[in-house]
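Results of the structural survey
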2 protein chains.
Amino acid sequence: MKALLVNNQPDEPVMEFGDYPTPEPEENELLVKVKSTALNRVDLLQKRGKYPVPEGETLILGLEMSGVVESVGKDVKKFRKGDRVFGLLGGGGYAEYTTIHEDLALSIHDFISFEEAAAIPEVFLTAYQALIWLGELKEGETVLIHAGASGVGTAAIQLAKHLKNAQIAVTAGSKEKLDLCRSLGSTLHINYKEQDFAEKIKERFGENSIDLIIDFVGSPYWKNNISSLGMDGRIVYLSMLGGAEVKEMDLVPILRKRLTIRGSTLRNRSLEYKKQLTEEFWNSTKDLFEKEKLTPVISAIVDWANVEKAHKMMSENKNAGKIILNGM
Amino acid sequence: MKALLVNNQPDEPVMEFGDYPTPEPEENELLVKVKSTALNRVDLLQKRGKYPVPEGETLILGLEMSGVVESVGKDVKKFRKGDRVFGLLGGGGYAEYTTIHEDLALSIHDFISFEEAAAIPEVFLTAYQALIWLGELKEGETVLIHAGASGVGTAAIQLAKHLKNAQIAVTAGSKEKLDLCRSLGSTLHINYKEQDFAEKIKERFGENSIDLIIDFVGSPYWKNNISSLGMDGRIVYLSMLGGAEVKEMDLVPILRKRLTIRGSTLRNRSLEYKKQLTEEFWNSTKDLFEKEKLTPVISAIVDWANVEKAHKMMSENKNAGKIILNGM
């Protein structure tokens, strides 16, 4: 099959089409002809050799896809050849064919296109895991979502609003990005380049007012995060793009405000965890996608041939929402 | 009624017997004639004005007690005059009489003395909350309990062993204290004055081997705690007796090992929370107390008249286990 392969120069990696053995589905897996895949920030790291690929996973990039079932393993019960599916991958989406466990695959209903379907798994499952499983967001709580216009950010805003009727503060670096967040349901919009988010939050919601923070930035926001949290507040770290070294940390608020600080990624979770997450997520959200309360935010749809352009767009933070690769 | 009252010199506080209005039980409360109460470290802070008393609570010290029901509020269903009870208080144990909500009171069965009963609530409920509710300890996990010979430490060792069959590492500052821990069921004994606990843990259980840490020390142990934790590891902070300022903290392991770091105290929790905790704790442990698998560890039983001596013993860390006040 055709696949996008990374050449062997980690400093200056280039992706090129090449031949690769078509994967064989295991007994519980589907072989899927890929229609669309989507970029994830980790793709940029992985192609430079800076993200170790979990054991047993393919070296081909691509953590999600949509497509059509080409064949099924002998024990597969839920799908058959010709079904339209989408889902989370351990890798392998940047290729003509990929395999997926039937319990990680979801049916594409008529109300979703292939491009939209490929834009859902990573950001919505990550956001669902962060808000509901790890952050234990409760009805009507106040949540702060950093990088609100990122893929996970846009999913988190929508889920917080429609699943938990939350008050939602977001940070982003431009008026356009903040406008996008507003259109998805956030209520306080902070341009981190111009404003101190802790000040703006105190003005709007009061001191110690945030119940849950979803953070991708890390150390630069540590102090302001901690000071914004209220009693029983939580931070969920999904990434630390701004650095991870905090010069002076005071542990007292952790005790006094009974805080919970946790980090997580989705990729290195067990198959069982991903199955349960996928099932619970889709049961909670399918109707909301159908009613268009939830919408995958797509920044650009790019032809496979232009994959380098798509990666550049992401590395320069030009996208607000997902970048889709199409048309292998 | 007689009560131990703190005079008004916060730098040099002295406790003296005085007259105080006998509390009136609310409709769901019991009035209890106190037989025994027990010291808690927070008593030392509170008498110096360094621990703000939660709103609505009495200024009299004493966070737990055992005694005999003297009278009951009009809606009380579970107890009547003459019943022997014990339980957690918001304060008020250092007195001849105290009140307690009937849902926070537990019956003293024949297998427990008044002194033993007064030694149970704070340390066992705190340890249960830390291990089970906040730390989510699972069957057979490996737990590190700092200050293993403290009141909460001795309770945590026993609960971790008998409820979850855990592997238990402890730290303490003397051979006698470590021997006490060993007798309660811990498996790795580290004298923090002589040994690096992270090294000892690595030797015995391997790298990244700890699932849950119960810590009272704070910043001095931060780095070793983080490095000892394995995937999905948790720290529960109950106190920060050694300080709370961490220099140059690296957030990366929080993300990479998917850590959870949380702080909690029991005292400022809601009545509803304490009721649920008390009920679940007693349902899980009553049989184990009866079979003497669980034992409150009592360091000394002191007459009320010698309360200052008892406080001195605690402030000098001379106790291993609870100090009981008796005989008002």
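About the cut-offs
- Residues numbered from 1 in each chain as written.
- Chains lettered and ligands numbered in written order.
- Predicted model: local features only at pLDDT ≥ 70, side-chain atom pairs only at ≥ 80, totals over all residues.
- Heavy atoms only, no water.
- Helix = DSSP H or I, 4+ residues; strand = E, 2+ residues; numbered from the N terminus.
- Buried < 20%, exposed > 50% of the residue type's maximum accessible area, 1.4 Å probe, protein only.
- Areas by Shrake-Rupley, 256 points an atom, 1.4 Å probe, with all protein chains shown as cover.
- Lys, Arg positive; Asp, Glu negative; His and termini not counted.
- Charge placed at Lys NZ, Arg CZ, Asp CG, Glu CD.
- Phe/Tyr/Trp six-rings, centres within 6.5 Å; stacked < 30°, edge-to-face > 60°.
- Polar contact = N/O pair within 3.5 Å; in protein donor to acceptor, adjacent residues only side chain to side chain.
- Contact = heavy atoms within 4.5 Å.
- Core = buried A, V, L, I, M, F, W, Y, C linked by side-chain atoms within 4.5 Å.
- Arc of directions from axis to C-beta.
- Pairing = 2+ DSSP bridges.
- Axes fitted to C-alpha atoms, helices over the stretch in contact; angles between N-to-C directions.
- Buried area = accessible area lost by both parts, 1.4 Å probe.
- Salt bridge = Lys/Arg side-chain N within 4 Å of Asp/Glu carboxyl O.
- Nonpolar A, V, L, I, M, F, W, Y, C, P; charged D, E, K, R; others polar.
- Least-squares fit on C-alpha atoms with pLDDT ≥ 70 in both.

1. A short note on the overall build of chain A
Helix and strand counts for chain A stand at 10 helices and 16 strands. Overall, the C-alpha framework of chain A stretches about 55 × 45 × 35 Å when taken along its three principal axes. Considering chain A as a whole, with its 328 residues, one finds that 57% of them fall into the buried category. Of the accessible surface of chain A, which amounts to about 13,900 Å², a share of 46% is contributed by carbon and sulfur atoms. A distance of 4 Å separates the average location of the 41 positive side-chain charges in chain A from that of its 47 negative side-chain charges.

2. So, the packing of aromatic side chains
Residue and element names in this part refer to chain B. Under the definition given, this model contains 20 aromatic pairs over all chains. Relative to Trp 282, the ring of Phe 86 has its centre 5.5 Å away and its plane inclined at 75°; by these criteria the two rings are edge-to-face. A residue pair is termed long-range when its members are at least 10 positions apart, and Phe 86 in strand β5 (residues 84–88) and Trp 282 in helix α9 (residues 271–290) qualify at 196 residues. In terms of burial, Phe 86 and Trp 282 fall into one category: buried. Note on Tyr 128 and Phe 281: the rings are 5.9 Å apart at their centroids and 75° apart in plane angle, and the pair reads as edge-to-face.

3. Details of the side chain of Arg 234 of chain B
All names here are of chain B. Topologically, Arg 234 is positioned in strand β12 (residues 229–237). Within polar-contact distance, the side chain of Arg 234 engages the backbone oxygen of Gly 135 at 2.9 Å. One polar contact links the side chain of Arg 234 to the main-chain carbonyl oxygen of Asp 232, over a distance of 3.2 Å. Once you skip the residues sitting within four places of it in the chain, Arg 234 turns out to touch Gly 135, Glu 136, Leu 137, Lys 138, Glu 141, Asp 211, Leu 212, Ile 213, Leu 229 and Thr 260.

4. Notes on the nonpolar core
Leu 131, Val 143 and Ile 214 of chain B are the most contacted members of the largest nonpolar core, which has 50 residues in total. Considering each element in turn, this core owes the most residues, 9 residues, to helix α3 (residues 121–134) of chain B. In contact with Leu 131 of chain B, other than residues within four places in its own chain, are Glu 136, Leu 137, Val 143, Ala 156, Leu 159, Ala 160, Leu 212 and Ile 214 of chain B. Core analysis: the next-biggest nonpolar cluster, separate from the first, contains 49 residues, Leu 106, Ile 112, Ala 156 and Val 236 of chain A among them.

5. Considerations on helix α5 (residues 175–184) of chain A
Residue and element names in this part refer to chain A. Regarding α5, the residues found buried are Leu 178, Leu 180, Cys 181 and Leu 184. Projected onto a plane normal to the axis of α5, the buried residues spread over an arc of 155° and lie on a single side. Exposed side of α5, more than 90 degrees from the buried face: Lys 175, Glu 176 and Ser 183 are the residues found there. Against the buried residues of α5 lie α4 (151–164), β9 (167–172) and β10 (188–191).

6. Here we look at the sheet that holds strand β11 (residues 210–215) of chain A
The strand order β10(A)-β9(A)-β8(A)-β11(A)-β12(A)-β14(A)-β14(B)-β12(B)-β11(B)-β8(B)-β9(B)-β10(B) describes an open sheet built from 12 strands, whose pairing is mixed. Every interior strand has two partners, whereas the edge strands, β10 of chain A together with β10 (188–191) of chain B, have only one. For this sheet the average axis-to-axis angle between neighbouring strands, irrespective of direction, equals 15°. The pairing of strand β11 (residues 210–215) of chain B with β12 of chain B spans 5 bridges and is parallel. Note that in β12 of chain B the partner of Ile 210 of chain B across the bridge is Leu 229 of chain B. Each of β9 (167–172) and β10 of chain B touches helix α5 (residues 175–184) of chain B; the most contacted strand, β10 of chain B, lies at about 165° to it.

7. What about the interface of chain B and chain A?
In this complex, chain B contributes 31 residues to the contact, which on the side of chain A involves 31 residues. Around 2,600 Å² of area is buried between chain B and chain A when both sides are counted, 56% of it from carbon and sulfur atoms. Per-residue buried area on chain B facing chain A is highest for Leu 251, Leu 255 and Arg 258 of chain B; these three make up 25% of the total on that side. Across the contact surface, chain B and chain A share 3 salt bridges. Of the charged contacts in the structure, one is a salt bridge between Arg 269 of chain A and Asp 232 of chain B, with a shortest N-O distance of 3.5 Å. Taken together, the links from chain B to chain A amount to 14 residue pairs in polar contact (both at pLDDT 80 or more). Counting only elements with at least two residues in the side of chain B that touches chain A, the list comes to β12, β13 (245–250), α8 (252–256) and β14 (260–263) of chain B. Among the elements that make up the side of chain B that touches chain A, the one with the highest residue count is β13 of chain B (6 residues). The class makeup of the residues in the side of chain B that touches chain A is 14 nonpolar, 8 polar and 9 charged. Bridging between strand β13 (residues 245–250) of chain A and β13 of chain B involves 5 bridges; their strand directions are antiparallel. Looking at β13 of chain B, one finds that Met 249 of chain A is bridged to Val 246 of chain B.

8. Looking at the relation of the copies chain B and chain A
The operation relating chain B to chain A is a screw motion whose rotation component is 180°, with 0.0 Å of axial translation and a residual RMSD of 0.1 Å. Those values place the two copies in the arrangement expected of a two-fold rotation axis. Comparing interface residues between copies, 100% of those in chain B also sit at the interface in chain A, which points to an isologous, same-surface contact.

9. A few points about the pattern of salt bridges
Under the counting rule described, the total for this entry stands at 31 salt bridges over all chains. Measuring nitrogen to oxygen at the nearest pair gives 3.3 Å for the salt bridge that ties Glu 316 of chain B to Lys 312 of chain B. Looking at Glu 316 of chain B, the relative accessible area reads 37%, which means it is partly exposed. Where Lys 318 of chain B meets Glu 316 of chain B, a salt bridge forms, and the shortest distance between an N and an O atom there is 2.8 Å. Beyond isolated ion pairs, a larger network of salt bridges with shared partners links Lys 78, Asp 103, Glu 272 and Lys 275 of chain A.

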